[in-house]
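These are the residues of each chain, in order.
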Amino acid sequence: PASSSSQFITFRLKTEQGSPLLVSLRGSGTEPKVKYYSEIMCSKDDFVSGKALEHLKSIVDEVIAQCLQPEANKLARPA
C-alpha cells in the first residue's frame, strides 16, 4: 500500500523456490469491483520462459479463490 491508511490487503509470500511474491487486494473507489495487483521476483530464465508468469497467475487464482470466494459471494470475473 501507498500509505498506512490505504485499504489494501497485501499477502507477502514466497514460491517453493524461495522467490518473493506479493498479491494485494483492494476495493475500487469508484466502481463496485475488487482490484488486485501482483508481482514476483524471478530469474531471467523463468521470466523469458514464461514460468514465472504461469506461477504468478496460479497463485493469484488461489488467493482470489480462498479470500474472495467468488462462487459463494456471486462474484464474476470481467469478460
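Heads up: these notes are all about the structure in this document. (Residues numbered from 1 in each chain as written. Predicted model: local features only at pLDDT ≥ 70, side-chain atom pairs only at ≥ 80, totals over all residues. Heavy atoms only, no water.)

Right, let's talk about the side chain of Thr15 for a bit. Mapped onto the fold, Thr15 is located in the loop between strand 1 (8-14) and strand 2 (20-27). Ignoring anything within four residues of it in the chain, the contact list for Thr15 reads Ile40 and His55. (Helix = DSSP H or I, 4+ residues; strand = E, 2+ residues; numbered from the N terminus. Contact = heavy atoms within 4.5 Å.)

Looking now at the pairing of strand 1. As defined by bridge partners, strand 1 adjoins strand 2 across seven bridges and the pair is classed as antiparallel. By the bridge assignment, Phe8 is partnered in strand 2 with Arg26. Between strand 1 and strand 2, which follow one another and run antiparallel, lie five residues, and Gly18 among them has a positive phi close to 90°. (Pairing = 2+ DSSP bridges.)

Turning next to the pattern of salt bridges. The final tally for this structure, using the stated rule, is one salt bridge. Residue Glu31 pairs with Lys33 through a salt bridge whose shortest N-O separation is 3.0 Å. The exposure class assigned to Glu31 is partly exposed, which follows from its relative accessible area of 40%. You can call Lys33 partly exposed: its relative accessible area is 40%. (Salt bridge = Lys/Arg side-chain N within 4 Å of Asp/Glu carboxyl O. Buried < 20%, exposed > 50% of the residue type's maximum accessible area, 1.4 Å probe, protein only.)

The next subject is the pairing of strand 3 (residues 34-40). Sheet analysis places strand 2 next to strand 3, joined by seven bridges and oriented antiparallel. Its bridge partner lying in strand 3, Arg26 is registered against Lys35. If you look at the hairpin formed by strand 2 and strand 3, you'll find six residues sitting between the two strands.

The strands that make up a sheet are held in pairs by hydrogen bonds between backbone atoms, and each pair lies either parallel or antiparallel. Here we have three strands laid out as an open sheet, ordered 1-2-3, and antiparallel in their pairing. Of all the strands in the sheet, just strand 1 and strand 3 have a single pairing partner and so form its edges. Averaged over neighbouring strand pairs, the angle between their axes works out to 15° when direction is ignored. Its contacts with the sheet place helix 2 (residues 51-68) against strand 1, strand 2 and strand 3, and it is angled at close to 145° to strand 3. (Axes fitted to C-alpha atoms, helices over the stretch in contact; angles between N-to-C directions.)

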